[in-house]
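Descriptive structure summary
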Amino acid sequence: MPMHYEIRVAGTMSETMLSEGFPELDSYVVPSQTVLFGQVVDEAHLYGLLDRFRALGLRVVEFRQLPD
């Protein structure tokens with residue numbers, strides 16, 4: 001069962017990084033952070049997202065499951 005997550009990343013991510021690195025997530029920018037959100041389909045997807053953040057050199061500030 002897919003779960004909804006919100007991921008906060010330090011700094012502002014470029015549109016290219018967002019669209020190419022995380023096409024399945026929506027996003028918006030708040031002061032000093034980029035907020036990504038969307039469905040995570042399973043545990044493998046969750047760990048895959050974390051790997052992508054690390055591979056792109058992004059610092060994840062918060063990663064939390066949202067209520068349904």
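You'll find the structure just up there.
Residues numbered from 1 in each chain as written. Predicted model: local features only at pLDDT ≥ 70, side-chain atom pairs only at ≥ 80, totals over all residues. Heavy atoms only, no water.

Here we take up the overall build of the chain. Along the backbone of the chain there are two helices and four strands. Scaling as 2.2 N^0.38, a compact globule of 68 residues should have a C-alpha radius of gyration of about 11 Å, and the chain matches this with 11 Å. Its C-alpha atoms give the chain principal-axis dimensions of about 30 × 25 × 20 Å. Per-residue burial over the chain gives 31% buried out of 68 residues. Considering only contacts in the chain between residues 6 or more positions apart, those separated by 24 or more positions represent 62%. (Helix = DSSP H or I, 4+ residues; strand = E, 2+ residues; numbered from the N terminus. Rg over C-alpha atoms; globule rule 2.2 N^0.38 Å. Buried < 20%, exposed > 50% of the residue type's maximum accessible area, 1.4 Å probe, protein only. Contact = heavy atoms within 4.5 Å.)

The subject of this paragraph is the packing of aromatic side chains. Scanning the entire structure with this criterion turns up three aromatic pairs. Ring geometry for F22 and F53: centres 4.4 Å apart, planes at 20°, overall stacked. Of the two residues, F22 sits in the loop between α1 (15-21) and β2 (26-30) while F53 sits in helix α2 (residues 43-55), which places them 31 residues apart along the sequence. Of the two residues examined, F22 and F53, each falls in the buried class. (Phe/Tyr/Trp six-rings, centres within 6.5 Å; stacked < 30°, edge-to-face > 60°.)

As a further point, take the nonpolar core. Counting 13 residues, the largest nonpolar core has V9, M13, F22, L36 and F53 as its most contacted members. Not counting chain neighbours up to four residues away, the residues in contact with F22 comprise M13, M17, L36, L49, R52, F53, L56 and L58. (Core = buried A, V, L, I, M, F, W, Y, C linked by side-chain atoms within 4.5 Å.)

With that settled, consider unusual backbone geometry. The backbone of S32 sits at a positive phi, close to 70°, despite the residue not being glycine. By secondary structure assignment, the location of S32 is in the loop between β2 and β3 (33-40). Classification of S32 by relative accessible area gives exposed; the value is 58%.

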